Amino acid sequence: MGTSIVLLATSSNAGKTFICSCLCKIARNIGLRVVPFKAQNMSNASFKNHEQIGCINVAQWIQSVASNQFSSSDFNPFWIKPLGERISQLYVEGDLIRCKFTYPSSRRLRTRMKTKIIDKINWLKNQNDLVVIEGAGSIAEGNLMAFDVGNVWLAKRTSSKISLIADMERGGALASIAGTSCLMCNSEHHMINGFLLNKFVGRVSLLSSGLKSLEKITEWSCLGIIPWIVEALKLPWEDTLFDRYHQLDNKPMVFVVDVLFGNGLDELNGLNLESNLNVVMLKSAPNWIPRELRIIILPDSGSVVSTITRLHQTNWSDYLIRTRTHGVLIIGVGAGFLATCSSFGWFKGSTWTDLKTFDANTLCLTTSSYSLCCKCEFLSATFRACASLYAPWLHRIYGNQNKYEQLIECTGFCYGVRRSNVWGIGVNGVFMSDSFRSGLMRFIGVKPSELVYENHVQAIMADAAIKVANCIGINLYRLFGL
């Protein structure tokens, strides 16, 4: 049986995902069979490929690429996707289980989660030399300790040593480590292997006196000081905590509409590979139409009613009509596709009143005029994307399959509805498809990038892993428990 290590942090956004990815790459480079794991993740960014029925968080996909492993829901059994205030969707092993999930939830659910998590960890340890486990949030959130399924509780149950990460960029990192030490009981305190200082800018010698005092107070040793590594910004984004968009210039522009808590990250991650394109994610419609604007994308939010409501509240509905008259290409994906169609009145008899009869899941519509059963059997999903739950609308509403139109004919795979400069696509994850993205760029007259999505991530991780390994040095063996 292999071993496992757990990386926790003193705060959110301390760099756990990036450091875990680098450690996976380092372990693979020294000949270990390694896999990533995160028990529970909360994020809007997912990844889907042609071999997956469901989806996993993009962070675990990056780590699986670094580990030279095929991505699997085994690496991220529980994924929570925020949809609005206090409402989320719960995915279990890649499948949507609950559409109105409020966390913390019932004790029975937490018990089932814990059992499944431990079973997954044990299975992965039996198949591999090392499992790199990423924690969630902060290690010592007193109000959440009773609901912990991915931090100290998991380290205890798997007999894993904990390495602590602190964010030097925000300040107070040394104090946060000392505070964490004070908040932990003796049994937990001895589980800490040491700490890493991440995102450090400046001379390392300035930390000498502070580190000596900190090591004496906590009885933990410093495993390494990692500077700001620029490769971290080139990886797909897991959240929208920081404004890290391109510096705008005169390049053609794409707007990704974010009407529901960052639900456009999948599209953003794919399109950001195009160096000849400016991609901007916006919550509210701007007051002007930039002359460089070429495309507006409405991502799949998972809820048609919420999407349409928010489009009206944020003035996007009027903006879409205005931009359409200026020749801007409007693309709706999944639930965004239905929102686009409804906004332009293409439902052929379906009205706003009918739309309100959708339940929160929006998997089916039951009115006097429609009774639809949602089965994803009409669309090809062989281009590294997954068929949307809303795909049957393309067939049932328009009457027969001959009325499908191929979007970007050079790909030969993606089917949808095309009316003038407004497209509806019934599949999710299309912008992660290199062929689709390349065809789209040519369609709008932009030179496509030659980058392949997965190869791009692999190259970034190779460079970043070398830098992190040099910073940690001989402490790598201690960190890996070797």
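Going by the structure above, here's the rest.
No experiment lies behind these values; they were computed from the predicted model shown.

Looking now at the overall build of the protein. Within the protein, the secondary structure is distributed over 17 helices and 21 strands. Taking all 482 residues of the protein together, 58% fall into the buried category. Excluding contacts between residues fewer than 6 apart, the proportion of contacts in the protein whose partners are at least 24 apart in sequence is 74%. For the protein, the computed accessible surface area is about 20400 Å², with 51% contributed by carbon and sulfur atoms.

As a further point, take the sheet that holds strand β9 (residues 130-134). The 6 strands are arranged β2-β9-β1-β10-β11-β12 in an open sheet whose pairing can be described as parallel. Of all the strands in the sheet, just β2 (34-37) and β12 (222-227) have a single pairing partner and so form its edges. Geometrically, the sheet is characterised by an average inter-axis angle of 20 degrees between neighbouring strands, direction not taken into account.

Our next topic: the pattern of salt bridges. Enumeration according to the criterion identifies 11 salt bridges in this entry. We note a salt bridge from D167 to K199, for which the minimum N-O separation is 3.7 Å. One end of the pair, D167, is in strand β10 (residues 161-167); the other, K199, is in strand β11 (residues 192-200), with 32 residues separating them in the sequence. The exposure class assigned to K199 is buried, which follows from its relative accessible area of 10%. Between E274 and R437 there is a salt bridge, with the nearest N and O atoms lying 2.9 Å from each other. Of this pair, E274 sits in the loop between α9 (265-271) and β14 (278-282) while R437 sits in helix α15 (residues 434-443), and the two are 163 residues apart along the sequence. The same class applies to E274 as to R437, namely buried. Three or more residues joined by partner-sharing salt bridges are found here, namely D74, E93, K116 and K120.

This paragraph deals with a nonpolar patch on the surface. On the surface, V201, W228 and L233 cluster together to form a nonpolar patch covering roughly 290 Å² of accessible area. Relative to the elements of secondary structure, L233 occurs in helix α8 (residues 231-234). For L233, a relative accessible area of 40% puts it in the partly exposed group.

This brings us to helix α1 (residues 16-29). A rise of 1.5 Å per residue sets the reference length of α1, with its 14 residues, at 20 Å; its end C-alpha atoms lie 20 Å apart and thus fit the reference within 8%. In terms of burial, α1 is largely enclosed, as 12 of its 14 residues are buried. Of all the positions in α1, only K16, T17, F18, I19, C20, S21, C22, L23, C24, K25, I26 and A27 are classed as buried. Immediately downstream of α1, the backbone of G31 shows phi near 95 degrees, a positive value.

Below, the discussion takes up the packing of α1 against helix α2 (residues 58-66). Two numbers describe how α1 lies on α2: the axes approach to 8 Å, and their chain directions differ by 20 degrees. One finds that α1 runs roughly parallel with respect to α2. Note that α1 runs across α2; the crossing there is right-handed. Here T17, C20, S21, C24, K25 and R28 of α1 come into contact with α2, specifically with A59, I62, Q63 and A66. Considered class by class, the residues forming the contact of α1 with α2 number 5 nonpolar, 3 polar and 2 charged.

Right, let's get into the packing of α2 against helix α16 (residues 453-472). Angle between the axes and distance between the axes are the two parameters that describe a pair of packed helices. Relative to each other, α2 and α16 sit at 70 degrees, their axes nearing to 9 Å. By the angle between their axes, α2 is roughly perpendicular relative to α16. Residues W61, I62, V65 and A66 of α2 touch α16, and the partners they reach there are Y453, E454, V457, Q458 and M461. In terms of residue class, the contact of α2 with α16 is built from 7 nonpolar, 1 polar and 1 charged.

Parameters and conventions
- Residues numbered from 1 in each chain as written.
- Predicted model: local features only at pLDDT ≥ 70, side-chain atom pairs only at ≥ 80, totals over all residues.
- Heavy atoms only, no water.
- Helix = DSSP H or I, 4+ residues; strand = E, 2+ residues; numbered from the N terminus.
- Buried < 20%, exposed > 50% of the residue type's maximum accessible area, 1.4 Å probe, protein only.
- Contact = heavy atoms within 4.5 Å.
- Areas by Shrake-Rupley, 256 points an atom, 1.4 Å probe, with all protein chains shown as cover.
- Pairing = 2+ DSSP bridges.
- Axes fitted to C-alpha atoms, helices over the stretch in contact; angles between N-to-C directions.
- Salt bridge = Lys/Arg side-chain N within 4 Å of Asp/Glu carboxyl O.
- Patch = residues over 30% accessible without salt bridge, like charges linked within 9 Å, V, L, I, M, F, W, Y side chains within 5 Å.
- Expected span 1.5 Å × (residues − 1).
- Parallel < 35°, antiparallel > 145°, perpendicular 65-115°, else oblique.
- Left-handed = near helix turned anticlockwise from the far one by under 90°.
- Nonpolar A, V, L, I, M, F, W, Y, C, P; charged D, E, K, R; others polar.

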